[in-house]
Structures are given as structure tokens and as C-alpha cells.
Amino acid sequence: MKCAKCQTENRQDSKFCLNCGESLVIVVPVDEGVRRSPLANKRYAQGKNPTLAGILSFLVVGLGQVYNGDFLKGIVMFVMAVVLFVPTTGLSYFPMLAWSIVDAYRVAKGNQSLWK
Ligand SMILES: [Zn+2]
């Protein structure tokens, strides 16, 4: 990979130029509704409705996460809500619900990254 600034040839997987330190990561690939930053390697929800995500999480814990493309987090939330329901006589459901709604809203807004 050639540095655009000083024309030094760098290794293909280099993120910065060995000679001048210029960032070699220029192109940010965009795939189906998910934006990925090459440096932080984090994914963000894009084009999602925060209010709808919150409402879905209110209906079913984890559903807002699934809507955001956060499948793993949605499943973990749902399983946690179900598993904790009996030993806590249902009390755990409300903090789980609150977490799910707030998280779905924040992720849909793009304030918080998705789980891998
Ligand atoms: Zn350079």
C-alpha cells in the first residue's frame, strides 16, 4: 500500500505510513445499513428509528436490539430476562426492560456502537 503523502511503500495491512505517519486507512466500507470505522473496528446502527427501537424493546425485551441489528445482545437480554424472572419473582423484568429500551434508543440514534 503506497502512502498518498510521501509515496513510501508500506505493508498491505499497515494502518499508518512507516515514513511519515500518515493514516493509510482512507476508504470506509459501508455495508447494508451498518457503518464500520476501520480504526476503532466498531459497528453502528444506521437509518434506524430510535422511537421504534424503544417501542419494540418495550413490547419484548431484546426486540429493539434485534431491530438495530444487534442480534447477540437482543438474545442475551431476552434470555437474561426469562432466566432471572422466576428467582426474582418478576422484579428483574423491570430493570431488564429499562436497559433494553434505553440501549435500543441509544444504539438506534448512533450514540452507542453495536456488539460485534
Ligand atoms: Zn508517508
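Below is a summary of the structure that appears in this document. (Residues numbered from 1 in each chain as written. Predicted model: local features only at pLDDT ≥ 70, side-chain atom pairs only at ≥ 80, totals over all residues.)

1. Side note on the overall build of the chain
Part 1 of the reasoning: When you go through the chain residue by residue, the secondary structure sums to 4 helices and 3 strands.
Part 2 of the reasoning: Listed by position from the N terminus, the elements making up the chain come as β-β-β-α-α-α-α.
Part 3 of the reasoning: For the chain, the proportion of its 116 residues judged to be buried stands at 25%.
Part 4 of the reasoning: Within the chain, contacts between residues at least 6 apart in sequence are counted, and of these 40% link residues at least 24 apart. (Helix = DSSP H or I, 4+ residues; strand = E, 2+ residues; numbered from the N terminus. Buried ≥ 20, exposed ≤ 12 C-beta atoms within 10 Å, placed from the backbone. Contact = placed C-beta atoms within 7 Å.)

2. Topic: the environment of F71
Part 1 of the reasoning: Position of F71 relative to the elements: it lies in helix α3 (residues 71-85).
Part 2 of the reasoning: Sequence separation between F71 and W115 is 44 residues, and the spatial gap between their C-alpha atoms is 8.5 Å.

3. A few points about the packing of α3 against helix α4 (residues 93-109)
Part 1 of the reasoning: Packing of α3 against α4 brings their axes to within 9 Å, and their N-to-C directions diverge by 170 degrees. Relative to α4, the element α3 is oriented roughly antiparallel. Every residue of α4 that contacts α3 at M77, M80, A81 and F85 is listed here: Y93, M96 and S100.
Part 2 of the reasoning: Counted by class, the contact of α3 with α4 contains 6 nonpolar, 1 polar and no charged residues. (Axes fitted to C-alpha atoms, helices over the stretch in contact; angles between N-to-C directions. Parallel < 35°, antiparallel > 145°, perpendicular 65-115°, else oblique. Nonpolar A, V, L, I, M, F, W, Y, C, P; charged D, E, K, R; others polar.)

4. What to know about the packing of helix α1 (residues 50-59) against α4
Part 1 of the reasoning: Contact geometry of α1 with α4 gives a least axis separation of 8 Å together with a crossing angle of 160 degrees. Considering their axes alone, α1 and α4 lie roughly antiparallel with respect to each other. In the crossing of α1 with α4, the sense of the turn from one axis to the other is right-handed. Here P50, A53, G54, L56, S57 and F58 of α1 come into contact with α4, specifically with L97, S100, I101, A104, Y105, A108 and K109.
Part 2 of the reasoning: Taken together, the residues of the contact of α1 with α4 sort by class into 9 nonpolar, 3 polar and 1 charged. (Left-handed = near helix turned anticlockwise from the far one by under 90°.)

5. Focus: the nonpolar core
Part 1 of the reasoning: Grouped together as the largest cluster of nonpolar side chains are 10 residues: Y44, A45, A53, L56, V66, Y67, A104, Y105, V107 and A108.
Part 2 of the reasoning: Broken down by secondary-structure element, the contributors of at least two residues to this core are β3 (42-45), α1, α2 (63-68) and α4.
Part 3 of the reasoning: Counting residues per element, this core draws most heavily on α4, at 4 residues.
Part 4 of the reasoning: If we skip the residues at most four places from it in the chain, Y105 touches P50, A53 and G54. (Core = buried A, V, L, I, M, F, W, Y, C linked by C-beta atoms within 7 Å.)

6. Observations regarding the environment of S23
Part 1 of the reasoning: Within the fold, S23 resides in the segment before β1 (30-31).
Part 2 of the reasoning: Owing to 14 C-beta atoms within 10 Å, S23 belongs among the partly exposed residues under this scheme.
Part 3 of the reasoning: Through-space distance from the C-alpha of S23 to that of K5 is 9.5 Å; in sequence the pair is 18 residues apart.
Part 4 of the reasoning: Setting aside chain neighbours within four positions, we find S23 in contact with K15 and F16.

None of the figures reported here should be taken as evidence of function without further support.
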